[in-house]
Amino acid sequence: MRAADTASARDAASGGAPLLEVVGLTTTLVATGASVLEDIAFTVEAGETLCVVGESGSGKSMLALAIMGLLPPAIRIRRGEIRVHGEDLARLSPAEWRARRGRDLAMIFQEPMTALNPVMRAGAQVAEVLRKRRGMTDDAARGEALRLFERVGIPNARARLSAYPHELSGGLRQRVMIAIALAAEARLLLADEPTTALDVTIQAQILDLLNDLRRERGLGLMLITHDLGVVAEMADRVLVLYAGRMAELAPVAALFDRPMHPYTRALLASIPTSEGPRTRLVAIDGAVPAVGAMPQGCRFRPRCPHADARCEAVPPLVAHEPRHHAACWATAPEDRAS
Ligand SMILES: Nc1ncnc2c1ncn2[C@@H]1O[C@H](COP(=O)(O)OP(=O)(O)OP(=O)(O)O)[C@@H](O)[C@H]1O
Ligand SMILES: [Mg+2]
């Protein structure tokens, strides 16, 4: 394989830039121009887990799909940069972007069936990536596929190589997806509620696996979840989205100890206190406004207990501490709120 294509060579070439740097990302509906995501900016460093949280309709999936270059045709990128290894993917042609998927970044979906080929054996799907992306021979790819199946914790791995996706459980299919991402040596992994469809024990195992791989390989992980328990366990930093805008971005301890946005506070107040079944987040009364029907100014204003006249203007994202940002007039430091 060509040395310039290795993950470490790409790291070196990017001069220490974050694995992922999103700058001013704004996406809109093609039909009306209404914004779906507005002015999103954050980084994911090598070895870091960024959790993305927010109620249904906040734009979490659209954010991941935008980074992957997989937005539905009704939505397009209007402004902003998506830098991976320092290279702005938003400037690439669709074919060039496709080439980056798998090589530099990979995505794990809630339902892996949608991403796996239903008529191809699981091991062959991993081996195909090894041949195409890493130039392995058939024999070498078969051996490496087995090794990867073992690494991602697929029991009875040799037999499972020849299983079709529908013959595997949801948890095993998710492990196959992770093996495919590892096969390509993707350094940045986007996971959109990867464990929501799994039972609690399997969910914990998959999250442990992702955590081990992050440490072992220095992966950057962007993990979308509804579950604040998962955030507490997995996140280094947390991005709270509300109605397509950033409400808050903070290290996980700061977010839990000193949440600055009323929306974040409402989310945290919704954490179930007992070991009961995990429900979808319901922050406070009402729902996330629909695209095209956003209130003027702060989008959280109609649901916010602290809303006043200032909130008719869009609150800027300001720093409370060096790495802790929130977009709220009521809690902004004095010098920024006037
Ligand atoms: N194909 C589409 N065309 C137009 N609008 C869409 C499309 N898909 C999603 N949207 C809108 O984009 C907004 C963000 O949706 P998104 O799916 O990113 O939310 P989410 O945070 O992932 O929610 P959930 O927690 O339910 O997965 C929503 O208002 C949604 O209705
Ligand atoms: Mg979603």
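So, how was this worked out
- The numbers attached to residues start from 1 for each chain and follow its sequence in the written order.
- In the order they appear in the text, chains get letters beginning with A and ligands get numbers beginning with 1.
- Only residues with pLDDT of 70 or above have their local features reported here, since the model is predicted, and side-chain atom pairs are shown and tallied only from 80 upward, although totals for entire chains, interfaces and linings are computed over all residues.
- Only hydrogens and water are removed before side-chain values are computed, so all heavy atoms of the structure are retained for them.
- Pairs of strands are assigned from DSSP output, requiring at least two bridges between the strands.
- Counting from the N terminus, the helices are DSSP H or I runs at least four residues long and the strands are E runs at least two residues long.
- Helix axes are fitted only over the stretch in contact, all axes being lines through C-alpha atoms; the angle between N-to-C directions runs from 0 to 180 degrees.
- Working rule for contacts: check all heavy atoms of both residues, and any pair within 4.5 Å makes them a contact.
- How sure the predictor is of each residue is captured by pLDDT, a score from 0 to 100.
- Whether a residue is buried, partly exposed or exposed follows from its accessible area with a 1.4 Å probe, protein chains only, as a fraction of its type maximum: under 20%, in between, or over 50%, in that order.

A. Local environment of the sheet that holds strand S7 (residues 188-192). Ordered by their spatial adjacency, 8 strands build an open sheet running S6-S7-S8-S3-S9-S10-S12-S11, and the pairing between neighbours is mixed. Either end of the sheet is taken by a strand with one partner, and the two such strands are strand S6 (105-108) and strand S11 (318-321). Here the strands of the sheet are splayed against their neighbours by 20 degrees on average, with no regard to which way each runs. By the bridge criterion, 6 bridges tie strand S9 (residues 237-242) to strand S10 (residues 245-251) in an arrangement that is antiparallel. The partner of Arg237 across the bridge, within S10, is Pro251. On top of the sheet, helix H11 (residues 262-269) reaches strand S3 (49-53), S9 and S10; it is set at about 105 degrees to S9, its chief contact.

B. Inspection of the confidence of the model for the chain at higher detail. In the predicted model, the chain carries a mean pLDDT of 90, and the fraction of residues at 70 or more is 90%. Scored below 50 in pLDDT, residues 1-5 makes 8 contacts in the model with residues more than four places away or belonging to other chains.

C. Geometry of helix H2 (residues 60-68). For H2, the tally of buried residues reaches 7 of 9 residues, placing the bulk of the element in the interior. Phi turns positive, to about 75 degrees, at Gly69, one or two residues after H2.

D. Structural context of helix H3 (residues 94-103). The set of residues buried in H3 consists of Trp97, Arg100, Arg101 and Gly102. Taken together, the buried residues of H3 touch H2, strand S4 (75-84), strand S5 (87-88), S6 and helix H4 (122-134).

E. Unusual backbone geometry, seen in detail. A positive phi angle, near 55 degrees, is found at Asp39, a position not held by glycine. Looking at the secondary structure, you find Asp39 in strand S2 (residues 35-44). What makes Asp39 exposed here is its relative accessible area of 53%. Phi at Ala243 is positive, roughly 50 degrees, even though this residue is not glycine. A relative accessible area of 1% places Ala243 in the buried class.

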